[in-house]
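Report on the structure
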Amino acid sequence: QVYVEESGGGLVQAGGSLRLSCVASGRTFASYGWFRRTPEKEREFVAAIKWSDSSTYYADSVNGRFTISRDSAKNTVYLQLNSLKLEDTAVYYCAAKRYWVESTYYRETFYEYWGPGTQVTVSS
């Protein structure tokens, strides 16, 4: 059975940090992305990583604060969230795809497998 699953969400004060994990089961994927959704917004792209060479890509809103990385031994992708802001509060989703396409990693429709999401709440 192939699936991806997130963990690591929680409640944190503004300025704090969290690390989210995404475990893939059943296979290794070529592309991983993190997205987030709030009640007010559609699901938006946060970050992506190309498994083969660990190239990373970020939304402007998180660039410099969030870091996506991978651990091949654990078949796990991480999203380190630093300097968290109130507006980072959202459900964070991990997504995966069997292959990489350079120009479409930020598109929700690009990905084949999605985790159920993990809640991140930033308080003042």
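Residues numbered from 1 in each chain as written. Predicted model: local features only at pLDDT ≥ 70, side-chain atom pairs only at ≥ 80, totals over all residues. Heavy atoms only, no water.

**As for the overall build of the protein**
If you tally the helices and strands in the protein, you get zero helices and 11 strands. Here the C-alpha atoms of the protein give a radius of gyration of 13 Å, agreeing with the 14 Å that 2.2 N^0.38 yields for 124 residues. Considering only C-alpha atoms, the protein reaches an extent of 40 × 25 × 25 Å along its principal axes. A burial count over the protein gives 45% of its 124 residues as buried. When contacts within the protein are restricted to residue pairs at least 6 apart in sequence, long-range pairs at least 24 apart make up 58% of them. Total accessible area computed for the protein in this model is approximately 6,300 Å², and 44% of it derives from carbon and sulfur atoms. Taken as two groups, the 14 positive and 13 negative side-chain charges of the protein have centres that lie 4 Å from each other. (Helix = DSSP H or I, 4+ residues; strand = E, 2+ residues; numbered from the N terminus. Rg over C-alpha atoms; globule rule 2.2 N^0.38 Å. Buried < 20%, exposed > 50% of the residue type's maximum accessible area, 1.4 Å probe, protein only. Contact = heavy atoms within 4.5 Å. Areas by Shrake-Rupley, 256 points an atom, 1.4 Å probe, with all protein chains shown as cover. Lys, Arg positive; Asp, Glu negative; His and termini not counted. Charge placed at Lys NZ, Arg CZ, Asp CG, Glu CD.)

**A short note on the pairing of strand E5 (residues 44–50)**
Counting buried positions over the seven residues of E5 gives six, a clear majority of the element. Relative to E5, strand E4 (residues 31–37) is paired through six bridges, and the arrangement is antiparallel. Following the sheet pairing, Gly-33 is matched in E5 by Ala-48. Here E4 folds back onto E5 in antiparallel fashion, the turn holding six residues. (Pairing = 2+ DSSP bridges.)

**As for the packing of aromatic side chains**
Evaluation of the coordinates by the stated rule reveals 13 aromatic pairs. Look at Tyr-105 and Tyr-106: their rings are 5.7 Å apart centre to centre, the planes differ by 85 degrees, and that puts the pair in the edge-to-face class. Looking at Tyr-105, the relative accessible area reads 16%, which means it is buried. Pairing Phe-110 with Tyr-111 gives two aromatic rings, centres 4.8 Å apart and planes at 85 degrees, and the pair type is edge-to-face. Accessibility classification places Phe-110 together with Tyr-111 in one group, the buried group. By way of ring pairs, the aromatic residues Phe-35, Phe-45, Tyr-57, Trp-100, Tyr-105, Tyr-106, Phe-110, Tyr-111 and Trp-114 are connected into one cluster. Over the aromatic face of Tyr-78 sits the side chain of Arg-19, whose NZ or CZ is 4.1 Å from the ring centroid. (Phe/Tyr/Trp six-rings, centres within 6.5 Å; stacked < 30°, edge-to-face > 60°. Lys NZ or Arg CZ within 6 Å of the ring centre and 35° of its normal.)

**Some points on unusual backbone geometry**
The residue Asn-75 is not glycine, and still its phi comes out positive at about 50 degrees. Following the sequence through the fold, Asn-75 ends up in the loop between strand E7 (66–71) and strand E8 (76–81). In this structure, Ser-83 takes a positive phi of about 50 degrees despite not being glycine. Note that Ser-83 resides in the loop between E8 and strand E9 (90–97).

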